[in-house]
Amino acid sequence: MVAQVTFDWSVVTDNVALYYSGVKLTLAIAAVSFVLATLMGVVIALLRLVRNPVISAAMATYINVFRAIPLLVFILFIYYGVAIAFDLDFLTAIQAGILALVLQYSAWLGEIFRSGIQAIPKGQREAALSVGMSRPGTFFTITLPQAARIVIPPTGNMLIGMVKDTSLVYLLGVSELLRVTNLLANRTFRYFEVYLATVAIYLLLTTTIYYGVKFLERRYSVVDVLSEIKRSRSPLARRRLARLRTLQETVQGGATAAT
Amino acid sequence: MAAVRERHSDDAPLADSSRATVALRDIHKSFGSNHVLRGIDLQVHAGEHVVIFGPSGSGKSTLLRTINLLEEPDSGSVRVDGIEYGPGVRGEPRGRRGDRRDLRKQVGMVFQQFNLFPHLSVLDNVTIALRRVKKLRRDEAEHRAARQLDRVGLLDKIGAYPAMLSGGQQQRVAIARALVMDPKVMLFDEPTSALDPELVGEVLAAMRDLADTGMTMVVVTHEMGFGREIGDANVFMDSGVIVEQGGREIYSDCREERTRAFIKAVL
Ligand SMILES: Nc1ncnc2c1ncn2[C@@H]1O[C@H](COP(=O)(O)OP(=O)(O)OP(=O)(O)O)[C@@H](O)[C@H]1O
Ligand SMILES: [Mg+2]
């Protein structure tokens, strides 16, 4: 006997507002965590690269420890373990979730940023110093912009991972996408429709980020001549092109006048 | 006249050193247990073209990099255009530490691997130090940069990125990037070694033009023909010491057996 499956999508269409509230919280948690993790990741990468062996080793330990713990274990440990043992009752479930995400993702990102910075050849720094630039100036205008281009793809993957991993905080009772879905399904028994909509939403979010990252990657790859030409259709590039033409003509004119 | 030109006078007049554009005194440098520079004394006078040659690993690059302090000397002193830096010469009271960056600003350097900034256009490669170090306005910086690029024949490439240029073009941009800062001396570390043979000529031509303008230059090169052509003072290095230095005649008539053997092997 074949089970007669009938779908009733009204459970989804009637609850768009509920889904929307879940998506908003999911994205908010991901955004806040990602920004904080990125800032911390930069600091960790820089401290990892200082010559002081104690600081460098401390950062290596941080990276190895926080990367190694399963995120779900970590979230539960912080909210139920640490928060209760140390009487941190001001720590809300959302904050605990964000804290766990930031600690773990800053370790991953710190490692990504470190390798990005180290991938820039020593000659780049030396060339900048040789024209009289300061060390901080060299870092911010030469090393960092090049390292940033290198780390765009792996950092984008981290952001996608982050959006997915926010679903783990549903165990703390945070009303993000997975939890509102879960409650809705339990209430209506339309598990398939309700969860399928959730799957589709996650897929849409991560795919959007994926293409956003691809765009950035192309936008900032200077060796890609094609994208360079495409870019030249933008008004900004046109103005720049016009500027260069004028400069060329002025210099050429000056040279001919002199001879 | 340059003290280094008098090749048989080991007791070159010391008074002369105070007027030299570059003066290295008793430079020692080790990497771990590898004693790479073993007491280097060298003077480069304004307008002089010094050519440094010698076997691989003899310390030529390290010596050049010490002049603009990309390598810190373990002992001895570096002086460029009156700015002195270094731990000091053994036996003298103490070293003078002028500002490292002030000294560097007087020195331009061209690297074997070009080291252009790949994320910046050709124009921005040349303007960046004018803007960041000399704090020039954008218009002024771009005009100076474009004039310098015109001089090395690359005015039509100002909008390109380094990756789109040939090695020879990249090296000429690198020369413009260094020159635009108005250095007192230009250092070249094997500027043509990374180039395909057919591109060597254009870079040597740019260097020849520069030499003709009277720029003070220190050139490490394996292009012995070129060295012979522009070298007012020619320095042969081996195992971290200057074995011998002299004028153009050094290539045909040198004092030291080691120099003779090296020249015979490469010419
Ligand atoms: N940063 C460094 N760390 C450790 N050792 C170094 C470093 N730089 C140079 N050396 C060593 O110092 C010695 C001299 O090197 P240097 O590059 O000055 O020689 P060179 O005369 O320029 O040789 P080449 O003709 O091959 O360029 C070599 O033994 C080299 O291995
Ligand atoms: Mg070398």
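Fair warning: this is a prediction, and the values are worked out from it, not measured in the lab.

## Topic: the confidence of the model for chain A
Mean pLDDT over chain A: 89, with 92% of residues reaching 70 or higher. Here helix 10 (residues 225-231) of chain A stands out as the element of chain A with the lowest mean pLDDT, 54, in contrast to helix 6 (residues 122-130) of chain A, whose mean of 97 is the highest.

## Looking at the sheet that holds strand 2 (residues 34-44) of chain B
Residue and element names in this part refer to chain B. Spatial strand order, 2-1-4-5: 4 strands in an open sheet with antiparallel pairing. Each edge of the open sheet carries a strand with a single partner, namely strand 2 and strand 5 (83-88). Averaged over all adjacent pairs, the angle separating strand axes in this sheet is 15°, with direction ignored. Bridge count between strand 1 (residues 22-31) and strand 4 (residues 75-80): 5 bridges; the pairing is antiparallel. Each residue of the ladder has a partner; that of A23, found in strand 4, is R79.

## Considering the packing of aromatic side chains
Residue and element names in this part refer to chain A. One pass over the structure, following the stated rule, counts 12 aromatic pairs over all chains. With a centroid separation of 6.5 Å and 15° between ring planes, the pair formed by Y191 and Y195 is classed as stacked. One end of the pair, Y191, and the other, Y195, are both in helix 9 (residues 191-219), 4 residues apart, so they sit about a helical turn from each other. Centre to centre, the rings of Y210 and Y211 are 5.2 Å apart; their planes meet at 85°, and the pair counts as edge-to-face. Overall, the relative accessible area of 54% leaves Y211 in the exposed class.

## Topic: the interface of chain A and chain B
Facing the 32 residues of chain A at the interface are 39 residues of chain B. Taking both sides of the interface into account, the surface hidden between chain A and chain B amounts to around 3,000 Å²; carbon and sulfur atoms contribute 63%. Counting across the interface, chain A meets chain B through 3 salt bridges. The partner of R65(B) in a salt bridge is E126(A), and the shortest N-O contact between them spans 2.8 Å. There are 8 residue pairs in polar contact (both at pLDDT 80 or more) connecting chain A and chain B. Residue assignment for the side of chain A that touches chain B shows that the elements contributing at least two residues are helix 6, helix 7 (135-165), helix 10 and helix 11 (235-258) of chain A. Per-element accounting of the side of chain A that touches chain B gives the leading share, 9 residues, to helix 11 of chain A. Of the residues that constitute the side of chain A that touches chain B, the class distribution is 14 nonpolar, 10 polar and 8 charged.

## Thoughts on helix 6 of chain A
Taking burial as the measure, the 9 residues of helix 6 of chain A include 7 buried ones, the bulk of the element. Inspection of helix 6 of chain A places G123(A), Q124(A), E126(A), A127(A), A128(A), L129(A) and S130(A) among the buried residues, and these make up the whole buried set. Buried residues in helix 6 of chain A make contact with helix 7 of chain A together with helix 1 (60-67), helix 2 (100-104), strand 6 (107-110) and helix 5 (167-179) of chain B. Just downstream of helix 6 of chain A lies G132(A), where phi reads positive at about 95°.

## Examining unusual backbone geometry
Positive phi, close to 45°, is recorded for D26(B), a residue that is not glycine. Inspection of the secondary structure assignment puts D26(B) in strand 1.

## What about the site of ligand 1?
Residues and elements named next belong to chain B. Inspection of the region around ligand 1 gives 13 residues, with S56, G57, K60, S61 and T62 positioned closest. For ligand 1, an oxygen atom lies 3.2 Å from a polar atom in the backbone of S58. One of the side-chain nitrogen or oxygen atoms of S61 is found 2.7 Å away from an oxygen atom of ligand 1. In isolation ligand 1 has 640 Å² of accessible area, and contact with the protein removes 62% of it. Residue assignment for the shell around ligand 1 shows that the elements contributing at least two residues are strand 2 and helix 1. Per-element tally for the shell around ligand 1: the top contributor is helix 1, with 3 residues. Grouping the constituent residues of the shell around ligand 1 by class yields 3 nonpolar, 8 polar and 2 charged.

## Structural notes on the sheet that holds strand 9 (residues 233-238) of chain B
Residues and elements named next belong to chain B. A sheet is described by the order of its strands in space; here 6 strands give the open sequence 6-7-8-3-9-10, paired in mixed fashion. Single-partner strands in this sheet number two, and they are strand 6 and strand 10 (241-246). Strand-to-strand twist of the sheet, defined as the mean angle between neighbouring strand axes without regard to direction, takes the value 20°. Relative to strand 8 (residues 216-220), strand 3 (residues 49-53) runs parallel, the two sharing 4 bridges. By the bridge assignment for strand 8, V51 is matched with V219. Taken strand by strand, helix 1 contacts strand 3, strand 6, strand 7 (185-189), strand 8 and strand 9, and its axis lies near 155° from that of strand 7. Running over the sheet, helix 6 (residues 197-212) touches strand 3, strand 7 and strand 8 and is turned about 145° from strand 8.

Scoring rules and cut-offs
- Residues numbered from 1 in each chain as written.
- Chains lettered and ligands numbered in written order.
- Predicted model: local features only at pLDDT ≥ 70, side-chain atom pairs only at ≥ 80, totals over all residues.
- Heavy atoms only, no water.
- pLDDT = per-residue confidence, 0-100.
- Helix = DSSP H or I, 4+ residues; strand = E, 2+ residues; numbered from the N terminus.
- Pairing = 2+ DSSP bridges.
- Axes fitted to C-alpha atoms, helices over the stretch in contact; angles between N-to-C directions.
- Phe/Tyr/Trp six-rings, centres within 6.5 Å; stacked < 30°, edge-to-face > 60°.
- Buried < 20%, exposed > 50% of the residue type's maximum accessible area, 1.4 Å probe, protein only.
- Contact = heavy atoms within 4.5 Å.
- Buried area = accessible area lost by both parts, 1.4 Å probe.
- Salt bridge = Lys/Arg side-chain N within 4 Å of Asp/Glu carboxyl O.
- Polar contact = N/O pair within 3.5 Å; in protein donor to acceptor, adjacent residues only side chain to side chain.
- Nonpolar A, V, L, I, M, F, W, Y, C, P; charged D, E, K, R; others polar.
- Near = heavy atom within 4 Å.
- Areas by Shrake-Rupley, 256 points an atom, 1.4 Å probe, with all protein chains shown as cover.

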